[in-house]
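# Report on the structure
Read off the chains here:
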Amino acid sequence: MSDGAGHLLVAHGSTDGRWRAPFEELSRRLAARHPACPVVLSYLEKCLPDVPGALHELYQRGCRRIRVTPLFLSHGRHLERDLPDLLAHARRRYPDLFIVCEPALAERPDFLAALLAVLA
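What comes next concerns the included structure. Computed from a prediction, not measured in an experiment: that's the story for all the values here.

## Focus: the sheet that holds strand 2 (residues 39-43)
Read across the sheet, four strands follow the order 2-1-3-4 without closing on themselves; strand pairing throughout is parallel. Of all strands in the sheet, those bounded by a partner on one side alone are strand 2 and strand 4 (98-101). Ignoring strand direction, the axes of neighbouring strands in this sheet form an average angle of 25°. Strand direction decides the pairing type here: strand 1 (residues 5-11) and strand 3 (residues 65-70), joined by six bridges, are parallel. Its bridge partner lying in strand 3, His-7 is registered against Arg-67. Of the strands in this sheet, strand 1, strand 2 and strand 3 are in contact with helix 2 (residues 51-60), which crosses strand 1 at around 165°. Across the sheet, helix 3 (residues 77-93) touches strand 1, strand 3 and strand 4, and the angle it forms with strand 4 is around 170°.

Scoring rules and cut-offs
- Residues numbered from 1 in each chain as written.
- Predicted model: local features only at pLDDT ≥ 70, side-chain atom pairs only at ≥ 80, totals over all residues.
- Heavy atoms only, no water.
- Pairing = 2+ DSSP bridges.
- Helix = DSSP H or I, 4+ residues; strand = E, 2+ residues; numbered from the N terminus.
- Axes fitted to C-alpha atoms, helices over the stretch in contact; angles between N-to-C directions.
- Contact = heavy atoms within 4.5 Å.

Note that all results are geometric; they support no functional claim without further evidence.
This is the structure in structure tokens:
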């Protein structure tokens, strides 16, 4: 059971398992670093769990504070409309749920610094 905090990772989704593999590895590594905080990987399209299903899983595990990290490099339709709509629906479905959604990865200075280190 969680102490009330959970972490939802959101990727685009693909039917190709090779595409999903790095996201699944990231999810496993994050969960290993923070064993007291459930981490669930979800997808917006083409594979499961989808965002509503993953949020329900975290809620069932006792999470009432959920940090959402979109695994998207930059903004687009999914982060401007689709994900906010799904999160708004979850807030209505679970009124005691507090959800914080982080920005796209490239909007974070720490991510850009890490990417620059890899590319340099």
